[in-house]
Amino acid sequence: MIELRDAGPAEFARRLDEVVGVYAAAMRPPGEQLPGRTAIMRSHTAYPAFRGLLAELDGTCVGFAYGFHGASGQWWHDVVYRALSDDRGELVADAWLGDAFELAEIHVHPDWQGKGVGRALLTRLCEGRRERSVVLSTHDQPTIARRLYRDLGFDDLLSGFVFPGGWELYAIAGARLPLISTLNEG
């Protein structure tokens, strides 16, 4: 049975090899990108109000999610704030990013995808957050992840977005907290 466990900054950093292993299995990036991804994840553990979750099976990480309070001076926050402000105005950017929980990463090992692990990670990660919104970026394609985000009340704030230095298209999505599933579970 999969268990979800909180992992504070120290434990999350200590278990980064496992976490990056799940990331690599789920995303299949070029191997040369993994050291940089590891460094970014390690630096995120020092961000304000960091919260990490591990999905474990018999103590082995099969999924993870983490986020933190977004703030001016953080790369993702500043890039997205500027783009959202340019596209939809500063009031909209402030409404979504002025007090936001930024979901940095959520990944489930392919052997465990489609079994509700991602939904459980995301809903639990956002439980009890005091921010007014949760924001994230995801590939701008009709993926299972996009469907999950929509089911949990996320709306696209920007689409077709390319991060500086990148080429892939992303969607920036946001939801009001607390999350409310739009699925009819009855």
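Going by the structure above, here's the rest.
This one's a predicted model, so the numbers in the text were calculated from it and none came from an experiment.

A.B. asks: So what's going on with the overall build of the protein? Which residues, and what values?
C.D. replies: Along its length, the protein carries 7 helices and 7 strands. What you see in the protein, going N to C, is helices and strands ordered as β-α-α-α-β-β-α-α-β-α-β-α-β-β. The globule rule puts the C-alpha radius of gyration for 186 residues at 16 Å, and the 16 Å found for the protein is close to it. Counting only C-alpha atoms, the protein reaches 50 × 45 × 30 Å along its principal axes. For the protein, the residues scored as buried account for 44% of the 186 residues in total.

A.B. asks: Summarise unusual backbone geometry; cite the residues concerned and give the values.
C.D. replies: A cis amide bond links L177 with the next residue in sequence, P178, at an omega value of 0°. As for its position among the elements, P178 is in the segment after β7 (170–176). Of note, A49 is a non-glycine position whose phi angle comes to about 55°, a positive value. Looking at the secondary structure, you find A49 in the loop between α3 (34–44) and β2 (51–57). One non-glycine residue, D58, lies in positive phi territory at about 50°. Mapped onto the elements, D58 comes out in the loop between β2 and β3 (60–69).

A.B. asks: Describe the packing of aromatic side chains, and please don't skip the residues or the numbers.
C.D. replies: Applying the stated criterion across every chain yields a total of 10 aromatic pairs. Consider the rings of Y47 and F68, whose centres lie 4.7 Å apart with planes at 75°: the pair is edge-to-face. Taken together, the positions of Y47 in the loop between α3 and β2 and F68 in strand β3 put the pair 21 residues apart, joining distant regions of the chain. Residue class for F68 comes out buried when judged on its relative accessible area of 4%. Ring centres 6.5 Å apart and planes at 35° place the aromatic pair Y66 and F68 in the tilted group. Residue Y66 shares its accessibility class with F68, and that shared class is buried.

A.B. asks: Describe the packing of helix α4 (residues 75–88) against helix α5 (residues 90–97), with residues and values.
C.D. replies: One can describe the packing of α4 onto α5 by two numbers: an axis separation of 7 Å at closest approach and a directional angle of 140°. As α4 runs across α5, the sense of the crossing is right-handed. Contacts between α4 and α5 involve W76, H77, V80, Y81, L84, S85 and R88 on the former and, on the latter, E90, V92, A93, D94, W96 and L97. Partitioned by chemical class, the residues of the contact of α4 with α5 number 8 nonpolar, 2 polar and 3 charged.

A.B. asks: Give a detailed account of the side chain of Q74, specifying residues and quantitative values.
C.D. replies: Along the chain, Q74 falls in the loop between β3 and α4. Since its relative accessible area comes to 7%, Q74 is described here as buried. Within polar-contact distance, the side chain of Q74 engages the backbone oxygen of H69 at 3.3 Å. Of note is the side chain of Q74, whose polar atom sits 2.9 Å from the backbone nitrogen of A71.

A.B. asks: I'd like a rundown of the pattern of salt bridges, residues and numbers included.
C.D. replies: Counting across every chain of the model gives 13 salt bridges. With its nearest N and O atoms 3.4 Å apart, the salt bridge here joins E11 to R15. Under the relative-accessibility criterion, E11 is labelled buried at 15%. You can call R15 buried: its relative accessible area is 10%. Among the ionic pairs, R146 bridges to D156, the shortest N-O distance being 2.5 Å. You can see R146 sitting in helix α7 (residues 144–151) and its partner D156 sitting in strand β6 (residues 155–161), a full 10 residues away along the chain.

A.B. asks: I'd like to hear about the nonpolar core, residue by residue, with values.
C.D. replies: Within the largest apolar cluster, 23 residues are counted, with the highest numbers of intra-cluster contacts made by L121, L122, V134, F154 and L179. Those elements giving two or more residues to this core turn out to be β2, β3, β4 (100–108), α6 (117–126), β5 (133–139), α7 and β7. The biggest single contributor to this core is α6, with 5 residues. Counting 16 residues, the second-largest nonpolar core is a separate cluster that includes V80, L97, L157 and L158.

The rules we used
All residue numbers refer to positions counted from 1 along the written sequence of the respective chain. With the structure being a predicted model, the display of local features is reserved for residues of pLDDT at least 70 and the display and counting of side-chain atom pairs for 80 or more, all residues being used for whole-chain, interface and lining totals. Heavy atoms throughout the structure, all of them, feed into the side-chain values; hydrogens and water do not. Helix numbers and strand numbers start at the N terminus; a helix is a DSSP run of H or I with at least 4 residues, a strand a run of E with at least 2. In this setup the radius of gyration rests on C-alpha atoms only. A globule is expected at 2.2 Å times the number of residues raised to 0.38. Only protein chains enter the accessibility calculation, which uses a 1.4 Å probe. A residue is then buried if its area is under 20% of the maximum for its type, exposed if over 50%, and partly exposed in between. Between the rings of Phe, Tyr and Trp (Trp by its six-membered ring), a pair exists once the centres lie within 6.5 Å; its type follows the angle of the planes, with under 30 degrees stacked, over 60 edge-to-face, and the other angles tilted. Between N-to-C directions, angles cover 0 to 180 degrees, with each direction set by a line fitted to C-alpha atoms, over the stretch in contact for helices. The sense of a crossing depends on the near helix, which, turned anticlockwise from the far helix by less than a right angle, makes the crossing left-handed and, turned clockwise, makes it right-handed. Should any heavy atoms of two residues lie within 4.5 Å, those residues are considered in contact. Any residue outside Ala, Val, Leu, Ile, Met, Phe, Trp, Tyr, Cys, Pro, Asp, Glu, Lys and Arg is labelled polar, Gly included; the first ten of those are nonpolar and the last four are charged. Any pair of nitrogen or oxygen atoms within 3.5 Å is treated as a polar contact; in protein, a donor-acceptor pairing is required on top of that, and neighbouring residues in sequence qualify only through side-chain atoms on both sides. Each salt bridge in this description consists of a side-chain nitrogen of Lys or Arg and a carboxyl oxygen of Asp or Glu lying within 4 Å of one another. Only buried Ala, Val, Leu, Ile, Met, Phe, Trp, Tyr and Cys residues count toward a nonpolar core, and they belong to the same one when joined by side-chain atoms within 4.5 Å.

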